[in-house]
Amino acid sequence: MTGVSAAIPDEGAVDDWLDRQREALIGGLAERLDVEAGLRAVRIYARRDDLVGDLGRALDVESGLAAILPPPTVVASTSGRVTHFRSDGEAVALGITRQFIENLPPATRLGLRRHPICMASSRGRLVVRVVKLAYELSSDLAAIREVEGSPALHLQLAAARARSRARALARDLSRHPALAHALAAVLALSRSLAGDPALAVARDNARSLARELALDIVKLLTPAGPRTRRAPAAPGAQAFARRLALDLAYTADSRDEIELAAVLAHALDHQVGDLLELKHAEGLGAVLLAGALDDFTDADLSDVDLSAVDLTGVRWSEWGTRWPATVDIARLRSESQETEPGSGVYVVAPGTATVDLTTLV
Amino acid sequence: MEAATSSVDVGARHVARSTAEDEFASFYRQFVPTLVGFLIWQGASACLAADLAQETMIKAYQGWSRIESPAAWARRVASRALVRHLSRVEEDPAARAPEADALVPQPDALAQWECGQEILGLLAVLPPRQRQVLAWSVDGYTPAEIAAELGIDSAAVRSNLLKARRSVAQRMKSSEEES
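The model shown is predicted, which means the values in this text are computed figures rather than measured ones. (Residues numbered from 1 in each chain as written. Chains lettered and ligands numbered in written order. Predicted model: local features only at pLDDT ≥ 70, side-chain atom pairs only at ≥ 80, totals over all residues. Heavy atoms only, no water.)

1. Points about the overall build of chain B
- Across its full length, chain B holds eight helices and zero strands.
- Across chain B, helices and strands are ordered from the amino to the carboxyl terminus as α-α-α-α-α-α-α-α.
- Among the 179 residues that make up chain B, the fraction classed as buried is 46%.
- In chain B, the proportion of contacts linking residues at least 24 apart, taken out of those at least 6 apart, comes to 67%. (Helix = DSSP H or I, 4+ residues; strand = E, 2+ residues; numbered from the N terminus. Buried < 20%, exposed > 50% of the residue type's maximum accessible area, 1.4 Å probe, protein only. Contact = heavy atoms within 4.5 Å.)

Right, dumping it as structure tokens:
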């Protein structure tokens, strides 16, 4: 045995060394954790009980949305622009948000239309509505089965309620050509609503559609990159929403679906809020679903380079929209569908797969 | 008069809620890296530790008004969650790998950094109980307090701490000889 062997450190030296290691570990973590994103995620997730405890309140945004879209009072100006008048407080708040978005420069709105966060957010709000439809169908079915005697009247009422919701959904979906498959599913669901077995099938189909939309959101929130065993990392808050969407896609519990859909839509609202630097993000997904980014009926696009822009779903008007000189208006008209005969307001359709909007009213 | 009182109550509630929000935010910002480190020290991977810390913080946020010592409470809840998780993983080795969460924007980078931490290599060779008591000890808890938290007697805590420190000392000595 030769050489100098180091002495075993005493207890104090060990404790000092451990303290330094601990400090270094925590310091390194502090640099690598996104504490602000984590804090925001905690607040959003912890609020889920508030959000879904009173489901009606949580989904009032949907009422606000309905209040904005199928207007009870519609005034069409000579420019073809449609103005809706509402007195409901929530609708007014959503209306202000919508106005903010509509006032963004047209080129910005064209870019945002295909932004993954915006697309995910409108789908998020859609998922809430589809899940709610499925849940209410379940509740109706359970209630009908408890009715003594003839449940025919209850069945008819439940079917009528569900049809009404399905049509409202279809109206929104018709503004989003990328969701044509979902629209077809909802229309089929609406047509099938008659009788007990059909209601049950409709409920299952609605849940399938919700899962499909949730997976669509997962795809939108997965950053592009080479396919590896693990997907590339998404920014923190985006990863949080992605995980919620994944959980929603694979949950088997209908109560969980409602919770997850509400929290997901809320989280995505905030993502859009961050993107647009808006302090009040609540209901943004609903506003996007309502087509706030798509309305170019009074926009000046004459200086916008449209060469690489997908115009599918853009709402434009014969009298109000100003196009670059290179746009062939006659051709654009032939590729669009007029929202109401003679209105002069069109929606650029996806190929030939058009939908007769008048059947949805 | 009633309306005025009610308005004052609503205002007071609003102020109280706002204060609680600020307190929680301050606690979260200051404590979450410590809590993640505390769990890593006990054997969690960095991503799992961040997951469990987030779960704990959600519970803390929901019950904030009822928690007297948030740091001790969070350590206790997170430790139990880790034990539950580890026992589940042992039963189900195919449990899914943790994904990126809001707190961990780049899980791969975090995992890579984790691999370079000398202390974790040392802790990995310690038995779970020694790691556990050492984690509490380096966070400033006395053997009596650790015993109360873990539901074991103080002598067992002291014995495990002694063995853990000896292992660390031996490792430090070996490192010095190697260098």
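On we go from here.
2. Observations regarding the nonpolar core
- One finds A:Leu18, A:Ile101, B:Phe24, B:Tyr28, B:Trp41, B:Met57 and B:Leu134 to be the most contacted residues of the largest nonpolar core, which totals 133 residues.
- The element that contributes the greatest number of residues to this core is helix H8 (residues 116-146) of chain A, accounting for 13 residues.
- The residues contacting B:Phe24, other than those within four sequence positions of it, are A:Leu39, A:Val42, B:Met57, B:Ala60, B:Tyr61 and B:Trp64.
- Counting 13 residues, the second largest nonpolar core, distinct from the first, contains A:Ala299, A:Leu306, A:Leu311 and A:Trp316. (Core = buried A, V, L, I, M, F, W, Y, C linked by side-chain atoms within 4.5 Å.)

3. Quick word on the pairing of strand E5 (residues 345-348) of chain A
Residue and element names in this part refer to chain A.
- Neither face of E5 is open: one carries Val 345 and Val 347, the other Tyr 346 and Val 348, and all of them are buried.
- As judged from the three bridges shared by strand E3 (residues 315-317) and E5, these two strands associate in the antiparallel manner. Along E5, the bridge assignment pairs Trp 316 with Tyr 346.
- Two elements, strand E4 (residues 336-338) and E5, share three bridges in a ladder whose sense is antiparallel. Among the inter-strand pairings, Ser 336 is bridged to a residue of E5, identified as Val 348.
- Counting the residues between successive antiparallel strands, the hairpin from E4 to E5 contains six residues, one of them, Gly 342, with a positive phi of roughly 85 degrees. (Pairing = 2+ DSSP bridges.)

4. Some details on a negative patch on the surface
- A contiguous patch of negative charge on the surface is contributed by A:Asp10, A:Glu11, A:Asp16 and A:Asp19.
- Turning to its location among the elements, A:Glu11 is positioned in helix H1 (residues 11-32). (Patch = residues over 30% accessible without salt bridge, like charges linked within 9 Å, V, L, I, M, F, W, Y side chains within 5 Å. Areas by Shrake-Rupley, 256 points an atom, 1.4 Å probe, with all protein chains shown as cover. Salt bridge = Lys/Arg side-chain N within 4 Å of Asp/Glu carboxyl O. Lys, Arg positive; Asp, Glu negative; His and termini not counted. Charge placed at Lys NZ, Arg CZ, Asp CG, Glu CD.)

5. Overview of the interface of chain B and chain A
- Across the contact, 50 residues belong to chain B and 46 residues belong to chain A.
- For the pair chain B and chain A, the summed buried area comes to about 4,300 Å², and 66% of that belongs to carbon and sulfur atoms.
- Seen at the junction of chain B and chain A, the total is four salt bridges.
- For A:Asp15, the salt bridge identified is with B:Arg165, shortest N-O distance 2.7 Å.
- At the junction of chain B and chain A, the tally comes to nine residue pairs in polar contact (both at pLDDT 80 or more).
- Contributing elements (two or more residues each) for the side of chain B that touches chain A: helix H1 (2-41), helix H2 (46-62), helix H4 (107-115), helix H5 (118-124), helix H6 (128-138) and helix H8 (154-178) of chain B.
- Broken down by element, the side of chain B that touches chain A gets its largest block of residues, 13 residues, from H1(B).
- Here the residues of the side of chain B that touches chain A sort into 28 nonpolar, seven polar and 15 charged. (Buried area = accessible area lost by both parts, 1.4 Å probe. Polar contact = N/O pair within 3.5 Å; in protein donor to acceptor, adjacent residues only side chain to side chain. Nonpolar A, V, L, I, M, F, W, Y, C, P; charged D, E, K, R; others polar.)

6. What to know about the environment of A:Cys118
- Tracing the backbone shows A:Cys118 in helix H8.
- A C-alpha to C-alpha distance of 8.8 Å links A:Cys118 and A:Asp269, two positions 151 residues apart in sequence.

7. A look at the packing of H6(B) against helix H7 (residues 143-150) of chain B
Residue and element names in this part refer to chain B.
- Closest axis-to-axis distance for the H6/H7 pair is 10 Å, and the angle between their directions is 125 degrees. Overall, the two elements H6 and H7 adopt an arrangement that is oblique. Considering the relative orientation of H6 and H7, their crossing is right-handed. Between H6 and H7, the residues in contact are Arg 129, Gln 132, Val 133, Trp 136 and Ser 137 and Ile 146, Glu 149 and Leu 150, respectively.
- Taken together, the residues of the contact of H6 with H7 sort by class into four nonpolar, two polar and two charged. (Axes fitted to C-alpha atoms, helices over the stretch in contact; angles between N-to-C directions. Parallel < 35°, antiparallel > 145°, perpendicular 65-115°, else oblique. Left-handed = near helix turned anticlockwise from the far one by under 90°.)

8. Quick look at H4(B)
All names here are of chain B.
- Pro 107, Leu 110, Trp 113 and Glu 114 are the residues of H4 that are buried. Buried positions in H4, seen along its axis, are confined to an arc of 125 degrees and lie on one side of it. Turned more than 90 degrees from where H4 packs its buried face, Gln 112 and Cys 115 sit exposed. (Arc of directions from axis to C-beta.)

9. Describing the sheet that holds E5(A)
Residue and element names in this part refer to chain A.
- Ordered by their spatial adjacency, three strands build an open sheet running E3-E5-E4, and the pairing between neighbours is antiparallel. Each of the sheet's edge strands pairs with one partner strand only, and the pair in question is E3 and E4. Within this sheet the neighbouring strands show an average axis-to-axis angle of 35 degrees, counted without direction.

10. Examining the pattern of salt bridges
- Scanning the model with the defined rule gives 17 salt bridges over all chains in all.
- A salt bridge links B:Arg29 to A:Glu36, with the nearest nitrogen and oxygen atoms 2.6 Å apart. You can see B:Arg29 sitting in helix H1 and its partner A:Glu36 sitting in helix H2 (residues 35-46), one on each of two chains.
- Judged by its relative accessible area of 40%, B:Arg29 falls in the partly exposed class.

11. Side note on the packing of H6(B) against H8(B)
Residue and element names in this part refer to chain B.
- Between H6 and H8, whose axes approach to 9 Å, the crossing angle comes to 95 degrees. When the interaxial angle is binned, H6 and H8 end up roughly perpendicular. Residue-level inspection shows Arg 129, Gln 130, Val 133, Leu 134 and Ser 137 of H6 in contact with H8, the latter providing Val 157, Asn 160, Leu 161, Lys 163, Ala 164, Arg 165, Ser 167 and Val 168.

12. Remarks on the environment of A:Arg125
- Relative to the helices and strands, A:Arg125 is located in helix H8.
- Measuring from C-alpha to C-alpha, the distance between A:Arg125 and A:Leu268 comes to 8.7 Å, with 143 residues separating the pair along the chain.

13. Here we look at the packing of aromatic side chains
- Within the structure shown, the criterion is met by nine aromatic pairs over all chains.
- When the ring of A:Trp316 is compared with that of A:Tyr346, the centres are 4.8 Å apart and the planes differ by 20 degrees; the resulting orientation is stacked. Taken as a pair, A:Trp316 in strand E3 and A:Tyr346 in strand E5 lie far apart in primary sequence, 30 residues in all.
- Aromatic pair B:Phe27 and B:Trp64: ring centres 5.4 Å apart, planes at 40 degrees, arrangement tilted. Of the two residues, B:Phe27 sits in helix H1 while B:Trp64 sits in the loop between H2 and helix H3 (70-91), which places them 37 residues apart along the sequence.
- Among the aromatic residues, those joined into a ring-pair cluster are B:Phe24, B:Phe27, B:Tyr28, B:Phe31, B:Tyr61 and B:Trp64.
- The ring of A:Phe296 has A:Arg109 lying over it, and the distance from NZ or CZ to the ring centre is 4.2 Å. (Phe/Tyr/Trp six-rings, centres within 6.5 Å; stacked < 30°, edge-to-face > 60°. Lys NZ or Arg CZ within 6 Å of the ring centre and 35° of its normal.)

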